[in-house]
Amino acid sequence: MQKKLTFTFFSNHKSTFPSKSHKFPLPHHDFPSISPSRTLHFPSLSSKITTTISLPQNPPKSTEISPLSPPRKTPPPPQRPPNAEFQEKMLYLDSIGLDIFSLADHHRPIILSASLVDVKSVVDLFISMDFNSAEFRRIISMCPEILISNASTILPIFTFLLREARVKGSDIKHVIHRRPRLLVSSVKHRLRPTMYFLQSIGIEEVADLVGRQGWRLPDPSDELIEQDWHVVKQIQIYPNERDRIVWKGNNKGQFTVATAYKALMPTQVIVGWWKVVWGHQFIPRHSFILWIALKNRLNVKTRIAVWANLINQLCCLCGQEEETVPHLFFYCSVSGSVWMEISGKCDVPNNLPWRKLISWLSRNAAGKSLKSSIRRVAFAATVYWVWLTRNRIAFDNGLFCKDQIVRQVSLNVKMRLCKSQSSSLLWNKWT
């Protein structure tokens, strides 16, 4: 049985709402989806238009959307303590007889980076190779890096030793006991190239290199190989000790940058004037300028003329002779007058040329006495202030003032030696 909904329209086009007595078939507004059973009937236009709409016999019930319930939260898996894996590794290592306290103290990075699965695979591999617990403990004590390896990386090494190096199966344990570091060496980059090198010099089998009683070297093919074998046989073998690297640069066997520098740099002759230039009482910039002057590296005019087209090479102070380092210190009449007054205060000959003056100071101003200290500081300060005054004249059109230079040198001497014996006669000359 179908229910019909009828709308009535009058011909005067005045629309009216249905009467109060008319009732809709359903109290809700949910219209069903279009289906084949739904038909629409449109009658012909007349004074009274009736539109009939066929609806399904049993309209679907309104589906009320129930509020969404929050999804059920699955409880997170229980988290392990951050150090649980480390504790588990330590307990496992302790169960196989290793000294866990020594490993934790001396090889803690190895223990932290080692995986428990890899450690167990290594232990299982050694057990399959008939190594007992005592032998395994000895191998780990000599080469703890084995713990961060795994069976897949160690097994190719055993294969190399047995097949390519031709180590006998009965001797494989002895070889590992003597050189456990073989188990952490790359076959491609270390073991195989080493084997090729040893074969090229007459050693056919790696196992023949070291025997139970010491070195087992082949007969030398010439005198040079015989000399090399003689040197090798002098190296004593300690089978019960772990391999270690010893630096021959010093007696302690420890590497230092200083000993490496001495080993790499050629031996230089120690100059006699180094104590005149360097010391804790010197002003650093004074020492630097004096060092450059002694190395003849100051950019005086004759040095600049070597790479530049410099026409005027006369001294900037006196303007009479070519400007060189020996002339500036202190052949020049202008700078010589300054040095004459300074040298008189520190009892230094004032008529010596540059090189002879340096030689004299190296013998008479290298000690620890107050007189030697005053001579060194005064000489370096004089060179510095003369050179600074020369640059001011050459580049800033400055003027030369002898009294000002002497006053600056005296001030430097007093400031650097103020903690010394201020009551002595030498000190009174600079006040």
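Scroll up to find the structure.
Residue numbers restart at each chain and count upward from 1, following the sequence in its written direction. Totals for whole chains, interfaces and linings use all residues, but because this is a predicted model, local features are given only for residues with pLDDT of at least 70 and pairs of side-chain atoms are given and counted only at 80 or more. Hydrogens and water molecules were not included; the side-chain quantities draw on all heavy atoms of the structure.

Visitor: Run through the environment of Met 142, naming residues and quoting values.
Guide: Numbering goes from the N terminus for both helices and strands, where a helix is a DSSP run of H or I of at least four residues and a strand is a run of E of at least two. By the secondary structure assignment, Met 142 is in helix H5 (residues 133–142). For the pair Met 142 and His 177, spaced 35 residues apart in the sequence, the C-alpha separation amounts to 9.2 Å.

Visitor: Describe the nonpolar core, listing the residues and the values that go with them.
Guide: One finds Phe 329, Trp 354 and Phe 379 to be the most contacted residues of the largest nonpolar core, which totals 49 residues. Residue contributions to this core peak at 13 residues, all from helix H17 (residues 370–396). Working rule for contacts: check all heavy atoms of both residues, and any pair within 4.5 Å makes them a contact. Ignoring sequence-local partners within four residues, the contact set of Phe 329 consists of Ala 293, Leu 298, Trp 354, Val 383, Val 386 and Trp 387. With 39 residues, the next largest nonpolar core counts Ile 110, Phe 126, Ala 165 and Val 175 among its residues. Residues enter a nonpolar core if they are buried and are Ala, Val, Leu, Ile, Met, Phe, Trp, Tyr or Cys, with the set joined through side-chain atoms within 4.5 Å. For each residue, the accessible area found with a 1.4 Å probe, counting protein chains only, is set against the maximum for its type, and the residue is called buried under 20%, exposed over 50%, and partly exposed in between.

Visitor: Which residues make up the pattern of salt bridges, and what values go with them?
Guide: Counted as salt bridges are all cases of a side-chain nitrogen of Lys or Arg within 4 Å of a carboxyl oxygen of Asp or Glu. Per the stated rule, a full pass over the model turns up five salt bridges. The closest approach of N and O atoms between Glu 164 and Arg 192, which form a salt bridge, is 2.7 Å. On the criterion of sequence distance, the pair formed by Glu 164 in helix H6 (residues 151–164) and Arg 192 in helix H8 (residues 187–200) is long-range, its members being 28 residues apart. Under the relative-accessibility criterion, Arg 192 is labelled partly exposed at 24%. A salt bridge links Lys 402 to Glu 341; its shortest N-O distance comes to 3.7 Å.

Visitor: Before we move on, could you go through a negative patch on the surface and cite the residues and values that matter?
Guide: Excluding any residue in a salt bridge, patches collect residues exceeding 30% relative accessible area, merging like charges within 9 Å and nonpolar Val, Leu, Ile, Met, Phe, Trp and Tyr side chains within 5 Å. The Shrake-Rupley method, run with a 1.4 Å probe, gives the accessible areas here. Residue values count only the displayed protein chains as cover. We score Asp and Glu as negative and Lys and Arg as positive, and we do not count His or the chain ends. We put the charge of a Lys on NZ, of an Arg on CZ, of an Asp on CG and of a Glu on CD. A grouping of Asp 222, Glu 223, Glu 226 and Asp 228 is seen on the molecular surface, where their side chains present a negatively charged patch. Assessed through its relative accessible area of 38%, Asp 222 is described here as partly exposed.

Visitor: Could you give me a rundown of empty space enclosed by the protein, with the residues and numbers involved?
Guide: Within this scheme a cavity is a closed region of a 1 Å grid, computed over the protein atoms alone, that accommodates a 1.4 Å probe without allowing it to escape, whereas a pocket is open but has protein on both sides within 12 Å along at least five of seven lines; lining residues each have an atom within 4 Å of a point. Grid points are joined across faces, edges and corners, and a volume is the space filled by probe spheres set on the points. Following the criterion strictly, the structure yields one cavity of 30 Å³ or more and no others. Considering only enclosed or pocket space, the largest cavity measures out at about 40 Å³ in volume. Forming the boundary of the largest cavity are Lys 89, Leu 93, Ile 111, Ala 114, Val 119 and Leu 147. Amino acids are sorted into nonpolar (Ala, Val, Leu, Ile, Met, Phe, Trp, Tyr, Cys and Pro), charged (Asp, Glu, Lys and Arg) and polar (every other residue, Gly among them). The residue makeup of the lining of the largest cavity, split by class, is five nonpolar, no polar and one charged.

Visitor: Requested: an account of unusual backbone geometry, with residues and values cited.
Guide: Between Phe 329 and the following residue, Phe 330, the backbone shows a cis peptide bond with an omega angle of 0°. By secondary structure assignment, the location of Phe 330 is in helix H14 (residues 325–331). One non-glycine residue, Asp 130, lies in the positive phi region at around 70°. Here Asp 130 is to be found in the loop between helix H4 (116–128) and H5. Even without being glycine, Asp 347 reaches a positive phi, approximately 60°. Summarising the element assignment, Asp 347 is placed in the loop between helix H15 (333–346) and helix H16 (354–364). In this structure Asp 347 comes out as partly exposed when scored by relative accessible area, which is 35%.

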